[in-house]
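Coordinate analysis (summary)
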Amino acid sequence: MKLSRAAKRTLLAIMAIGFTFIYLPLLLVVINSFNTNKSFAWPPTGFTTEWWSKAAVNEGIRDAVMRSVITALIATTIALILGSLAAAAITRYDFFGRDTVSLLFVLPIALPGIVTGIALNNVFTNFFGKLTFFTIVIGHATFCIVVVFNNVAARYRRLGMNLQEASMDLGANRFTTFRLVTFPLIRNALVAGGLLAFGLSFDEIIVTTFTAGAGQTTLPIWIFQNLFRPNQAPIVNVVAAALILVSILPIYFSQRLTADKE
Amino acid sequence: MQRSPKARAASLISLPLAWLLIIYIGSLFALFITSIWKIDTFTSKVIREFTLQNFIDVFSDRAYFNVTIRTLVVAISVTLICVLIAIPMAFFMARIAKPKSRPVLIALVLTPLWASYLVKIYAWRTMFYPETGFLNWLISPLGGSSPGFGMIAVIIGLSYLWLPYMVLPIYAGMEKLPNSVLDASADLGAKPGRTFFGVVLPITWPAIIAGSIFTFSLSMGDYITVQILGGTFQMLGNVVYQNFSLNLPFAAAVALIPVIIMIIYLGSVRKTGALDNL
Amino acid sequence: MRVGKHRKLAALIAAGTLLLAGCSSSSDEGSGAYAGPVKDTPGTINVLAWPGYAEDGSTDPNVDWVTPFEEATGCTVNVKTYGTSDEAVQLMQGGGYDVISASGDASLRLIYGGDLQPVNLDLIPNYVDIFDNLKDRPWNTVDGENYGVPHGRGANVLQYTIGKVNPAPTSWSVVWEPNSPAKGKVTAYDSAIYIADAAVYLMATKPELGITDPYALDQTQFDAAMALLAQQKPLIAEYWADYTKYIGAVQSGSITVGTSWQVIANVLNGEKATVGAVKPVEGATGWSDTWMISSKTEAIDCAYKWLNHIITPDVNAQAAEWFGEAPANSKACALTANKDHCKLYHAEETDYWSNVYYWKTPTEECLDGRTDVMCVPYAEWVKAWSSFRNQ
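Since we're looking at a predicted model, the values are computed, not measured. Every chain's residues receive numbers from 1 upward, in the order its sequence appears when written. Chains carry letters and ligands carry numbers; both start at the beginning, A for chains and 1 for ligands, and go up in the order they are written. In view of the model being predicted, local features appear only for residues whose pLDDT reaches at least 70, and side-chain atom pairs are presented and counted only at 80 or more, with totals across whole chains, interfaces and linings using the full set of residues.

Things to note about the overall build of chain C
What counts is decided by this rule: For helices the rule is a DSSP run of H or I covering at least 4 residues; for strands it is a run of E covering at least 2, with both sets numbered from the N terminus onward. The size measure is the radius of gyration over C-alpha atoms, and the globule rule it meets is 2.2 Å times the number of residues to the 0.38 power. In this scheme the burial state of a residue depends on its C-beta neighbours within 10 Å: 20 or more other such atoms mean buried, 12 or fewer mean exposed, and anything in between means partly exposed; the C-beta positions come from the backbone.
If you tally the helices and strands in chain C, you get 13 helices and 15 strands. On C-alpha atoms alone, chain C measures out to a radius of gyration of 23 Å, which is about the 21 Å that the 2.2 N^0.38 rule sets for 391 residues. Each principal axis of the C-alpha atoms in chain C carries an extent, and together these give about 75 × 60 × 45 Å. Across the 391 residues of chain C, 52% fall into the buried class.

Topic: the overall build of chain A
Within chain A, the secondary structure is distributed over 12 helices and 0 strands. In chain A, the order of α-helices and β-strands from amino to carboxyl end is α-α-α-α-α-α-α-α-α-α-α-α. Structurally, chain A occupies a C-alpha span of about 70 × 65 × 30 Å along its principal axes. Looking at the 262 residues of chain A, the share that counts as buried comes to 49%.

Overview of the packing of helix α8 (residues 162-169) of chain A against helix α9 (residues 174-203) of chain A
All names here are of chain A. Convention followed: Orientation is described by lines fitted to C-alpha atoms, with helices fitted over the stretch in contact, and by angles between N-to-C directions that extend from 0 to 180 degrees. Any angle between 65 and 115 degrees counts as roughly perpendicular, while under 35 counts as roughly parallel, over 145 as roughly antiparallel, and the rest as oblique. Each crossing gets its handedness from the near helix: less than a right angle anticlockwise from the far helix is left-handed, clockwise is right-handed. C-beta atoms are first placed from the backbone for all residues, and any pair lying within 7 Å is then listed as a contact. The residue classification treats Ala, Val, Leu, Ile, Met, Phe, Trp, Tyr, Cys and Pro as nonpolar and Asp, Glu, Lys and Arg as charged. All others, Gly included, are polar.
Orientation of α8 relative to α9, taken along the N-to-C sense of each, is 140°, at an axis distance of 10 Å. In terms of their interaxial angle, α8 and α9 are classed as oblique. The handedness of the crossing between α8 and α9 is right-handed. Judged by residue contacts, Leu-163, Gln-164, Ser-167 and Met-168 of α8 engage Thr-177, Val-181 and Thr-182 from α9. Across the contact of α8 with α9, the residue classes tally to 3 nonpolar, 4 polar and no charged.

Focus on the environment of Ala94(B)
Residue and element names in this part refer to chain B. Among the structural elements, Ala-94 can be located in helix α3 (residues 62-96). Using a count of 22 C-beta atoms within 10 Å as the deciding quantity, one classes Ala-94 as buried. Ignoring sequence-local partners within four residues, the contact set of Ala-94 consists of Tyr-171, Met-174 and Glu-175.

Digging into the interface of chain B and chain A
Counting residues at the interface gives 76 residues for chain B and 69 residues for chain A. Take the side of chain B that touches chain A: its biggest share by element is 17 residues, from helix α1 (residues 5-33) of chain B. Tallied by class, residues from the side of chain B that touches chain A come to 60 nonpolar, 10 polar and 6 charged.

Looking at the nonpolar core
Nonpolar side chains tend to gather and get buried jointly when the protein is soluble and globular. Inclusion rule: Defined on buried residues, the nonpolar core groups Ala, Val, Leu, Ile, Met, Phe, Trp, Tyr and Cys residues joined through C-beta atoms within 7 Å.
Ranked by size, the top nonpolar core spans 176 residues in total, and within it Ala79(A) and Ala90(B) carry the most contacts. Ranked by residues supplied to this core, first place goes to helix α7 (residues 151-175) of chain B with 17 residues. Discounting chain neighbours no more than four positions away, the residues touching Ala79(A) are Ala141(A), Cys144(A), Ile145(A), Val147(A), Val148(A) and Ala197(A). Val174(C), Leu217(C), Ala249(C) and Val267(C) belong to the second-largest nonpolar core, a separate cluster that totals 122 residues.

Observations regarding the domain arrangement of chain C
In many analyses, interface size is given as the accessible surface area lost on bringing the parts together. All names here are of chain C. As a reminder of what qualifies: Each domain span listed reflects an automatic or database assignment of domains.
Assigned domains of chain C: these are domain 1 (43-154 + 287-348) and domain 2 (157-260 + 361-389). Across the contact, 8 residues belong to domain 1 and 6 residues belong to domain 2. Where the side of domain 1 that touches domain 2 is concerned, the elements lending two or more residues are α3 (85-94) and α4 (104-112). When residues in the side of domain 1 that touches domain 2 are grouped by element, the largest group, 3 residues, is from α4.

Concerning the interface of chain B and chain C
The partner chain C presents 30 residues to the 34 residues of chain B that form the contact. Breaking the side of chain B that touches chain C down by element, the ones donating at least two residues are α1, α3 and α11 (236-243) of chain B.

Quick notes on the pairing of strand β8 (residues 157-161) of chain C
Residue and element names in this part refer to chain C. What counts is decided by this rule: In this description, strands pair whenever DSSP reports at least two bridges between them.
Burial analysis of β8 places 4 of its 5 residues in the buried class, which makes it a mostly covered element. In this structure, β8 lies alongside strand β11 (residues 257-260), joined through 4 bridges in antiparallel fashion. Each bridged residue has a counterpart across the sheet, and for Gln-159 the counterpart in β11 is Gly-258. In this structure, β8 lies alongside strand β12 (residues 275-278), joined through 4 bridges in antiparallel fashion. Paired with Tyr-160 across the strands is Gly-276, a residue of β12.

Structural notes on the sheet that holds β11(C)
Residue and element names in this part refer to chain C. Strand order across the open sheet formed by 5 strands is β10-β9-β11-β8-β12, with mixed pairing between neighbours. Of all strands in the sheet, those bounded by a partner on one side alone are β10 (236-240) and β12. Pairs of neighbouring strands in the sheet enclose a mean axial angle of 25°, with direction left out of account.

Section: unusual backbone geometry
All names here are of chain C. Cis geometry is adopted by the peptide bond preceding Pro-37, which originates at Gly-36 and carries an omega value of -5°. Within the element layout of this structure, Pro-37 appears in the loop between α1 (2-22) and β1 (43-49). With an omega of -5°, the peptide bond between Asn-166 and Pro-167 qualifies as cis. Its identity as a non-glycine residue notwithstanding, Asp-136 has a phi of 50°, on the positive side. Tracing the sequence through the fold places Asp-136 in the loop between β4 (116-117) and β5 (141-142). Judged by C-beta crowding, with 11 C-beta atoms within 10 Å, Asp-136 ranks as exposed.

Looking at the confidence of the model for chain C
Low-confidence regions, as indicated by low pLDDT, have predicted coordinates that should not be scrutinised in detail. Residues and elements named next belong to chain C. Filter applied, for reference: Values of pLDDT, which run from 0 to 100, indicate the predictor's confidence residue by residue.
Taken as a whole, chain C shows an average pLDDT of 88; of its residues, 92% reach a score of 70 or greater. In this model, residues 1-5 is a region of pLDDT below 50 whose contacts with residues beyond four sequence positions or in other chains number 2 contacts. Every residue in residues 14-30 scores below 50 in pLDDT, and together they form 23 contacts with partners more than four places removed in sequence or on other chains. The ipTM for the predicted assembly is 0.88, set against a pTM of 0.88.

Some thoughts on helix α7 (residues 133-159) of chain A
Residue and element names in this part refer to chain A. Stated precisely, the cut-off is as follows: Multiplying one less than the number of residues by 1.5 Å gives the expected span of a helix.
The end-to-end C-alpha distance of α7, which contains 27 residues, comes to 38 Å, matching closely the 39 Å that a straight helix rising 1.5 Å per residue would cover. Counting buried residues along α7, 22 of its 27 residues qualify, which places the element largely inside the surrounding structure. Downstream of α7 by a residue or two, Gly-160 has a phi angle that is positive, lying close to 70°.

A word on the pairing of β10(C)
All names here are of chain C. In terms of residue burial, β10 counts as a mostly covered element, since 5 of its 5 residues are buried. In the sheet, strand β9 (residues 186-189) pairs with β10 via 4 bridges, with the strands oriented parallel. Within β10, the residue paired with Tyr-189 across the bridge is Trp-240.

A look at the environment of Gly154(C)
All names here are of chain C. Residue placement: Gly-154 occurs in strand β7 (residues 148-155). We classify Gly-154 as buried; it has 25 C-beta atoms within 10 Å. Sequence separation between Gly-154 and Ser-107 is 47 residues, and the spatial gap between their C-alpha atoms is 17 Å. Not counting the four nearest positions on each side in its chain, Gly-154 is found in contact with Gln-262, Gly-286, Trp-287, Gly-324, Glu-325, Ala-326 and Tyr-345.

Considerations on the environment of Ala299(C)
All names here are of chain C. Secondary-structure assignment places Ala-299 in the loop between β13 (284-294) and α10 (300-310). Ala-299 sits 242 residues away from Gly-57 along the chain, and the two C-alpha atoms are 23 Å apart. Discounting residues that sit within four places of it in the chain, Ala-299 has contacts with Gly-43, Thr-44, Ile-45, Cys-75 and Asp-98.

What follows is the structure, encoded as structure tokens:
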């Protein structure tokens, strides 16, 4: 498509405005993590690294990050297994009720999180008697499955059955075919789906508040508890700024992976 | 070992399906069934006796009709704003930016998803402060002032949060556009604008719908952003949140509203193939 | 075979759903109080507390009476704060918490719901020093059985930002009347129990309604209170339930006046005096809180030790001073850093409390003793509040 220079410049301007919109609040977060004023009035009153040093030694943050990481790892693992199984079944086979099942696998992220949250809370408090660490994992895994499913299903759809059939025609059994042919081809989708699922679980707050047991503080819960406290709010900004910085590289690499196509 | 394709499909799908049905659908049923039950008015515990009072309360009270409309207005506004910003951005990234810079651009769009939801919304809260906020500082030389907390702030905040979820599917859809189609359109004499509206948009329409499923659903159920940016403004999510501990049956009845709306929406867009574009 | 498979699946789902829907934990009936003696078993207790009641150094490193307890007893304490009694009830019913500082509008709901166990006061040595007029009150004693130890009491104060609201208010009219100088910057408590605050104002401004107890409202009185709330809404910037969010809003200037707790004013005045806080002439709602023990706790010894610790004269004095309330332990008055603390908070008087209406749960049987009318129960308060907030 040949676009006039004016059109290209307009689009570039929109891109610039769009990215400004996206990054302005994040810039504010980073600035406020160095702000001497604790109430974040604008403009900032002074520069200090006090909050960064306090955050580095804060035990609450470390425990919360650990808990979030472990939760996300377990939830993502469950999601990778169950999501890819479902993706294979739905995209490669035709069976009775397939369309309904396919719709089912969209529901956990299509229906509002608060509904999922109170539904799980209701079942957990009545069935298990209380909320624990595992109730968080179960909640997260449920929507993580959908994310992985979407990514892997999209990949399977582009793949078709030809390679798998060719491999089996050449004598490989089903398992070997999966190991040597199918898996390498969907591997990138698994990584992309897994990363997205990990990220969603790591930052999840709505379902988590309804499924977290007493004392089970994930990072978003820790942030929620400290967000408005005058002495802690700047530290919360430090945590957010650190998260942004830490996540840039993995995201970039996962994008490079999924961009590898033809 | 020859197993029929149906058996293979069944063995693949059984575990994930069981998880979804028992844990997710099961708990949804357990929730919505309470909407026909009562509560002990003193202890707030659910009593399993049939009543339609919860639905009568929801439908007879004008306030809940108002809050449903308000929630829909916000969800639609947020979706529109996201679409308007995402389409040019996605088009630029998918078709104008050099292929080498595409992963960088996408990474830049995705990175904010890793900054905590709460912190982002709190940053907006400080921006909206009536006197000391950033927005006020920015536009008061022009004679304006911060809109303060309320519906506008909520719409802006939610649009900000969900924008990446709209950019990604549209980008994926636009990337898949075969160059041949665009070339053919130009060859037939169409100017870029005509090609865009006549060829690009219709082909990427499923992807746009896919993005809208996210923005719509996430806005329909949100209550945290509303609490932080909304002032006295409330949406359906807040109604559910306020009532779920003291009157679960009533909260369940209210929760049916966004669920039914989303199911209708999903059902009507299924034909566009949007669900394959998520 | 296809159909059969689906039938089995359907049966599995149905069974699972019924199982999930039908299971509920039965309330602990007839579980008597712990006989004791309190042993030295280590354990972990999850404590549900009003903000400021169980400080563990995270708000202010110098304000901590949790860590000394942990060091002395070997019990680990996790504190979770909540913003409203409704949230407290919800968290307690969700399970996993061992101890709670319940206000009168939560305590009976939890007791009748089977979430709390009676407390054997013989196992709590410090109980004898509690003020007599806080012992055996209707909100913590049922059928002669005690369910906890009092923590302290206070009034919900009218807080205003110095210099922003002139003249300094002495009446609730500044938050209720349409011509309020603070229009658009008022706040109110985001819970159905706030309807009682409207009733308190009506007691003074519309005596013809005949309200004597703001928690005992018949339909006419209740409707008047809801009308007053509707009149107030245009004045409100935000309703508050999170005290830290409230503090931030006052600091940023988006809120200048409204109902508050003394601890909020104390934190705001920490570096320099920014707000004033008064009990207005019409009186106020208030609270008298009790530390109570969950019926399902697995760390009963630690729970009893906590109850005894928190009402130790020294700890009670620290907590009462930090929060800004009248302590429950009579010996605490001698130990407060500010020697006038108990006088300031009227801990040893009775007159001051005559127009402070402690939070309690409204029931259909009128709490003021009227038998000719039915009063509006709390479940209806919640419904009306929810409807009102969404108008």
